[in-house]
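# Descriptive analysis of the structure
Single-letter residue listing:
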Amino acid sequence: MSSRPETSLAQRKRQLVSNELSEAALQLMASKGFDAVTVDEIAATAGVSKRTFFRYFASKEDVVVQFLADMGTGMRAALASRPTTERPSLALRHTVWVSMTACAGHSDRALGVVQLILRTPALRARFLEHQDQWRDDLATELAQRLGLRPDTDLYPQVAAGMALTAFDAVLQQWSGSDGVQDPAELTDRVFAIIAPALDSVK
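First things first, this report covers the structure right here in the doc. (Residues numbered from 1 in each chain as written. Predicted model: local features only at pLDDT ≥ 70, side-chain atom pairs only at ≥ 80, totals over all residues. Heavy atoms only, no water.)

What follows deals with the packing of aromatic side chains. All chains considered together, the criterion is met by four aromatic pairs. A ring pair is formed by F53 and F57, whose centres lie 5.9 Å apart and whose planes are at 45 degrees; its orientation type is tilted. Residue classification places F57 among the buried positions, given a relative accessible area of 3%. Plain terms: the ring middles of F127 and W134 are 5.7 Å apart, the flat faces sit at 80 degrees to each other, and that makes the pair edge-to-face. According to the relative accessible area criterion, W134 is buried, its value standing at 4%. Over the face of the ring belonging to Y56 we find R14, whose NZ or CZ atom lies 4.4 Å from the ring centre. When the ring centre of F34 is taken as reference, the NZ or CZ atom of K60 above it lies at 4.4 Å. (Phe/Tyr/Trp six-rings, centres within 6.5 Å; stacked < 30°, edge-to-face > 60°. Buried < 20%, exposed > 50% of the residue type's maximum accessible area, 1.4 Å probe, protein only. Lys NZ or Arg CZ within 6 Å of the ring centre and 35° of its normal.)

So, about helix α2 (residues 39-46). Looking at α2, one finds that the buried residues are V39, I42, A43 and A46. Angular distribution of buried residues about the axis of α2 spans 95 degrees; they occupy a single face of the element. Two residues or fewer after α2 comes G47, characterised by a positive phi angle close to 80 degrees. (Helix = DSSP H or I, 4+ residues; strand = E, 2+ residues; numbered from the N terminus. Arc of directions from axis to C-beta.)

So, about the layout of surface pockets. A probe as big as a water molecule, rolled over the atoms, marks out the empty space that is left. Size it by volume and the largest pocket reaches roughly 330 Å³. Q15, Q66, F67, D70 and M71 are, among the 21 residues lining the largest pocket, the residues nearest its centre. Elements represented by at least two residues in the lining of the largest pocket include exactly α1 (3-32), α4 (60-73), α5 (75-80) and α6 (88-104). Of the residues in the lining of the largest pocket, the class split is 10 nonpolar, eight polar and three charged. (1 Å grid on protein atoms, 1.4 Å probe; cavity = no way out; pocket = protein on both sides within 12 Å on 5 of 7 lines; lining within 4 Å. Points joined across faces, edges and corners; volume = space filled by probe spheres on them. Nonpolar A, V, L, I, M, F, W, Y, C, P; charged D, E, K, R; others polar.)

Phi is positive for D178, which is not a glycine, with a value near 60 degrees. What makes D178 exposed here is its relative accessible area of 52%.

In this section: the nonpolar core. Counting residues in hydrophobic clusters, the biggest one holds 56 residues, and the most contacted among them are I42, V64, L68, F167 and F191. It is helix α9 (residues 154-176) that provides the largest number of residues to this core, a total of 10 residues. Ignoring sequence-local partners within four residues, the contact set of F167 consists of M71, M75, V96, S99, M100, F127 and W134. (Core = buried A, V, L, I, M, F, W, Y, C linked by side-chain atoms within 4.5 Å. Contact = heavy atoms within 4.5 Å.)

Enumeration over the complete set of coordinates arrives at 11 salt bridges. The residue R126 makes a salt bridge to D62 at a minimum N-O spacing of 2.7 Å. With R126 in helix α8 (residues 121-146) and D62 in helix α4, this pair connects stretches of sequence that are 64 residues apart. R126 gets classed as partly exposed once you look at its relative accessible area, which sits at 21%. Among the residues examined, D62 registers a relative accessible area of 15% and is labelled buried. (Salt bridge = Lys/Arg side-chain N within 4 Å of Asp/Glu carboxyl O.)

Here is the structure:
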């Protein structure tokens, strides 16, 4: 009975430290630029040791990308929640829309993160590494929904890749407008373009 509150408290403390590190990194990078900021500075600003920093993040790239990485991990769950009879384009549009809504819901913080990632080659590369895993996750889920084999059928990987390309395009348009454009409208527009291909699965 007593272990559950203790676990919950430990999780809250861990999340608090993670958030403090993320905020410190973003503030420093916004004022000094990504390349000029060191892990030592991030840790000192957050009030923790460098050793503590590396218990939470592998690198300063990861501390920035983590916000969107967390968002991406929910994509497969969002896709799995859709009716199996739903057209792939609708299910994938919902998946991307849920992620973009989560992003826009933290618009002040998220906008700065997205702009920093898209404008910094090292962060962009790390973000794309995360997307590789998301693509595999979405492809596996699509294969299960459609009765296909993810290792031999081309459709799951191609469709997952198209959905993530759409996600990337919406992120770029949204961030390029400084958060003015509606991410839901952008998502609808991009999926109107790719829906015929997504729904051509045999």
